[in-house]
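Here's the letter readout for the chains.
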Amino acid sequence: MEGPGDEAPVPAGTVLEEGESPPRPPGGKALLRLLQMLESDGLTELAEETVQSAVSDEAVAEVMEIAAEAGIAPAGGKRPKRQRKSTARKSTARKSTTGRTARAEEPEPDEAGTLDDTATAESIATAYLEATEQMGPPVGLGPHWRSCGPWTVINGQTYGSSRVNVSGRVSALATDPSNAAHVLAGAANGGVWESFNRGASWSPRTDYQATLTVGALAFDRSAPATVYCGTGEGDWWSYLGVGILRSTNGGTTWSTLCTAPFVGQGFYCIVVDPADGRRLYAGTTRGLYVSTDRGVNWTRRRSARTWSISKVPGSAQILAGCSDGLFRSNDNGTTWTRIGLRGSPGSFDRLAVAIAPSNPRIAYAWGTGAPYTGPSSIPTAYLWRRARGVWTAVGIPPGAATGQSWYDWYLAVAPDRSNQIYCGAIDIHRGTLSSGTWTWVNLSSKTVGNSIHPDQHSIAFEPGAPNTVYAGNDGGVYRSRDRGITWVHCNNGLQISEFEYIAHHVGTSRWLIGGTQDNGTNRWTGPSTWEHVSDADGGDCGVNRANPQVVFHTWQWGRLWRSTNGGNFGSWVNITPARPAGEGPGLFYVPFECSATTGNTIAVGGQALYVSRDLGTTWTRLGFPAAGTASALYIPDADTVIVGLTDGRIFRTRWTGSWGALAALTTPRAGAWVSDLHATPGGGGRIWATSSRVGGGRVFRSEDGGNTWTNVSAGLPNLPINAVEVDSGNAQRVWVAADLGVYQSWNSGASWSNFSSALPNAYIGDLVFHPHARVLRAGTRNRGVWEIPVDGWMTQPWCGVQWTGSLAANETRRWFTWGWPATWHVLWTVMPTTPRPGAPQVRWTVEVERGDAERCTYWISVTNLTPSPLQFEGRFAVLSRY
């Protein structure tokens, strides 16, 4: 979604003309966010290749410069240019494997004679395959994770006048040719979901596959029980692709069909030949592939990135939209011929193609490419129509946004009308040709009527009912019964929100706030439904421990907001610290923290550290000794702040009447992005530091305040580590979150074990531990928020005697007991210790005082109902900590 806050990061002090807005970066904010993720994992070559495939040659340097200025990428990151858009590779493992890790492909020179180095991406995909061998469905022993939702998110953002329920990014949709109510949705990194009631409810179907990334779904029309899923989302998570999944029962259960040659590739499309179910076509980030044995083995027929393939019943012709143009095959995909398009830019940033199902002689192509205009190098949109064998340029939809065409783009022809098309971009534009004139309607962002979320990725039609359209976008799934004029959301139960960060209220076990990709900041207060409480891209969050009504969240590019009523929608005040002229804001998602214990200290990290002791009313700027960008923060107490940088450096500052200059700690791993930190109060004892950069240590422990470090990564999968949490009741017990799974150590990292029972095989971005409810929460990308009782749920009450007392005859006295966690459910009983049969002996009442934000005091009044002195026990029963 592009809107307020979507411009490129602007250095402080930049002067703009009146009414002028900062330009959006080439490729849009989505490209910079992806670039940040790849750089943090050490996938520099893939990051640069991604930029080269998404924007013009001229804009590559600009994107890399913006990234360098923000600290996302190293300065001077632009490398010698490869052949644009074409990514040829030679596989060393042609034959597919089933249920086994495929061998990595070896790079081969492309047509320009240079190497296309993406071995690191393939090694991460292979590490996913290896890690999942230790994971899977829940086992009988030990605690299990469970979902906290969101079951749906109300009040979601659109570009129109209305708001709508949202879930998360949907990259693929498919409808069952044999059952009109049966729909499959593929979440970007949330797996395959199935609905039997046109999207009214959903069930997850691939939670324990090697990857939850989905780029394509396709039914076999000749045998609709067979469905194919291409893993690795071409639009984003391409490097996590591990092959093709197949279902033989319509999408309810899935198994690996093949891995090679697709490990490390992302899918854009899979097409099953409607006349021959043995023949399949796949468009991926590495080319166009053909299978003649139902997807077991594949042959690459074109090496250029292929976004779109179209084949319809009644036509032997196949069309393909590739980075180097539009191509046609008349021999079932064996050979391909380029089609000349008048005015074509030659190479494309994106190209979609569609043959009209009702009239195969009609076809369309919808793409973007040169020339590039404006300071953001916006590509030009193109639309062509084929009729009577001739391709003719057509006027593009008014207002069509092309800046993110590499990310959100598609084309479809109405099943029953060859003169009606749907062009997906940031919005959905429906065009209808009548009497030689095209009429266009924006279906997704409306000034009147119900709008849907922007950033369109997928579209599908109900079989036999061409008026019914499904749209998949960054906000989830939406259905229209009238060709897009009106919409209903299909996001109930579609639990695929992409959480970047989460924070909690330690005084209740049922309160969370989290920042999500393109769906703002959302809040949970107990029900399965979450509330959307702020727009934009939600980033890091925090809650003041002493007064949890004071809540913070960030937007992209370092904007910081505060609410004093628990985060209600519309209550946020911008408290972003002012930066000196020329200083950029830092990362796309800047790190933010509140004090983990006492006080009102907060901090936000960019290209300097900004610290406040009064909840953001005033700020102190602390510059790094040498240029750098903050990537992680921890505030163990009100007087200590620790900050980690993208280059591996770690600093500490202490309050001694004023904030001291940043003192450098020893760097645990030079050049490795610090992803998270944890420290004991004072910062002079134990510190934990994690890194998301693969190829070396990723979890480090210091016992002396960062003077020396021990690498405790042994026993963890070779995947990025994104977060660390420590048991507040047992400092030796530690959890870390990887790209895949959560891992636990009982001995301060000396050994690790998988702690992911019943947790989907999702990307884990953040962890928080509730000290009183004793639950660990995980924010995932795209499977929502999950929690686990680290000691298991209580199966029987915890009972004991809190005090003993005595009362004179008929006396009433009151006792109090304090420091009880407010999350606990406690029953109190007064039991006489001296038998006196015949009548009641005591009466008691319990009153509760909320001592502070997280603890309470019980006041217990006891009355002796007898004429004799009495002794008793004050007994408690804790029914639940949650």
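Here is what the cut-offs are and how they apply
- Chains are numbered independently. Their residues run from 1 in the order of the written sequence.
- Confidence filtering applies because this is a predicted model: local features only for residues at pLDDT of at least 70, side-chain atom pairs given and counted only at 80 or more, and all residues used for totals across whole chains, interfaces and linings.
- Values shown for side chains rest on all heavy atoms present in the structure; no hydrogens or waters enter the calculation.
- Think of it this way: any DSSP run of H or I at least four residues long counts as a helix, any run of E at least two long counts as a strand, and we number them from the N terminus.
- Only protein chains enter the calculation, and the probe is 1.4 Å; a residue is then buried if its accessible area is under 20% of its type maximum, exposed if over 50%, and partly exposed in between.
- Whether two residues are in contact is decided by their heavy atoms, any of which lying within 4.5 Å being enough.
- All accessibility values rest on the Shrake-Rupley procedure with a 1.4 Å probe; residue burial counts only the protein chains present in the view.
- Here a polar contact means two N or O atoms within 3.5 Å. Within protein one must be a hydrogen donor candidate and the other an acceptor candidate, and residues neighboring in sequence count only if both atoms are side-chain atoms.
- Distance thresholds for patches are 9 Å for like charges and 5 Å for nonpolar side chains (Val, Leu, Ile, Met, Phe, Trp, Tyr), applied to residues having over 30% relative accessible area and no salt bridge.
- Salt bridges are counted wherever a side-chain nitrogen of Lys or Arg sits within 4 Å of a carboxyl oxygen of Asp or Glu.
- Here, any two strands with at least 2 DSSP bridges between them count as paired.
- Axis angles are defined between N-to-C directions and span 0 to 180 degrees, where every axis is a line fitted to C-alpha atoms and, for a helix, only to the segment in contact.
- An angle counts as roughly parallel when it lies under 35 degrees, as roughly antiparallel when it exceeds 145, as roughly perpendicular when it falls between 65 and 115, and as oblique in every other case.
- By convention the crossing between two helices is left-handed if the near helix lies anticlockwise of the far one by an angle smaller than a right angle, and right-handed if it lies clockwise.
- Ten residues, namely Ala, Val, Leu, Ile, Met, Phe, Trp, Tyr, Cys and Pro, are considered nonpolar, four, namely Asp, Glu, Lys and Arg, are considered charged, and the remaining ones, Gly among them, are considered polar.
- We place a 1 Å grid over just the protein atoms. Points where a 1.4 Å probe fits but has no way out form a cavity, open points with protein on both sides within 12 Å along at least 5 of 7 lines form a pocket, and any residue with an atom within 4 Å of a point lines it.
- Grid points are joined across faces, edges and corners, and a volume is the space filled by probe spheres set on the points.

### Structural notes on the overall build of the protein chain
Consideration 1: Scanning the protein chain from terminus to terminus reveals four helices and 64 strands.
Consideration 2: In terms of overall dimensions, the protein chain has a C-alpha envelope of 105 × 65 × 55 Å along the principal axes.
Consideration 3: Out of the 882 residues belonging to the protein chain, those deemed buried represent 63%.
Consideration 4: The long-range fraction of contacts in the protein chain, counting pairs at least 24 apart against all pairs at least 6 apart in sequence, stands at 57%.
Consideration 5: Accessible area for the protein chain stands at about 30,100 Å²; split by element, carbon and sulfur atoms hold 50% of it.

### Considering the side chain of Thr152
Consideration 1: Mapped onto the fold, Thr152 is located in strand β2 (residues 152-156).
Consideration 2: A distance of 3.3 Å separates a polar atom in the side chain of Thr152 from a polar atom in the side chain of Asn165.
Consideration 3: Beyond its immediate sequence surroundings of up to four residues, Thr152 is in contact with Asn165, Val166, His489, Asn491, Asn492, Ser528, Thr529 and Trp530.

### Things to note about a nonpolar patch on the surface
Consideration 1: Residues Trp844, Val846 and Val848 make up a contiguous nonpolar surface patch of about 250 Å² in total accessible area.
Consideration 2: Under the relative-accessibility criterion, Val848 is labelled exposed at 57%.

### Examining the sheet that holds strand β61 (residues 825-832)
Consideration 1: Pairing is antiparallel across the open sheet formed by three strands, whose spatial order is β59-β64-β61. Each end of this open sheet is capped by a strand with a single partner; those strands are β59 (798-807) and β61. Recorded for the sheet is a direction-independent mean angle of 20° between the axes of neighbouring strands.

### Describing helix α2 (residues 44-54)
Consideration 1: Where burial is concerned, most of α2 is hidden: 11 out of the 11 residues are buried.
Consideration 2: Of the positions making up α2, those classed as buried are Thr44, Glu45, Leu46, Ala47, Glu48, Glu49, Thr50, Val51, Gln52, Ser53 and Ala54.

### Section: the packing of α2 against helix α3 (residues 57-70)
Consideration 1: Packing of α2 against α3 leaves a shortest axis separation of 9 Å and a crossing angle of 135°. Compared by their axis directions, α2 and α3 come out oblique. α2 and α3 meet at a crossing whose hand is right-handed. Contact with α2, carried on its side by Glu48, Val51 and Gln52, involves Val60, Val63 and Met64 of α3 and no other residues of that element.
Consideration 2: Across the contact of α2 with α3, the residue classes tally to four nonpolar, one polar and one charged.

### Concerning the environment of Arg33
Consideration 1: Secondary-structure assignment places Arg33 in helix α1 (residues 28-40).
Consideration 2: Note on Arg33: relative accessible area 5%, which makes it buried.
Consideration 3: Spatially, the C-alpha atoms of Arg33 and Gln517 are 9.6 Å apart, while their sequence positions differ by 484 residues.
Consideration 4: Leave out the neighbours within four places in its chain, and Arg33 touches Arg169, Trp236, Tyr407, Glu498, Glu500, Gln517, Asp537, Phe588 and Tyr589.

### Focus: the packing of α1 against α3
Consideration 1: Contact geometry for α1 and α3: axes closest at 11 Å, N-to-C directions at 60°. The angle between α1 and α3 falls in the class oblique. Between α1 and α3 lies a crossing whose hand is right-handed. Along its contact with α1, which presents Leu31, Leu32 and Leu35, the element α3 presents Val63, Met64, Ile66 and Ala67.
Consideration 2: Each residue belonging to the contact of α1 with α3 can be placed in one class, and the counts come to seven nonpolar, no polar and no charged.

### With respect to empty space enclosed by the protein
Consideration 1: For the structure shown, the criterion picks out seven cavities of 30 Å³ or more.
Consideration 2: Size it by volume and the largest cavity reaches roughly 200 Å³.
Consideration 3: Considering the residues around the largest cavity, the lining is formed by 20 residues, among which Thr50, Ser53, Gly234, Ser238 and Arg305 are closest to the centre.
Consideration 4: Sorting the residues of the lining of the largest cavity by element identifies α1 and α2 as the ones contributing at least two each.
Consideration 5: In terms of residue count, the dominant contributor to the lining of the largest cavity is α2 (five residues).
Consideration 6: Split by residue class, the lining of the largest cavity holds nine nonpolar, six polar and five charged.

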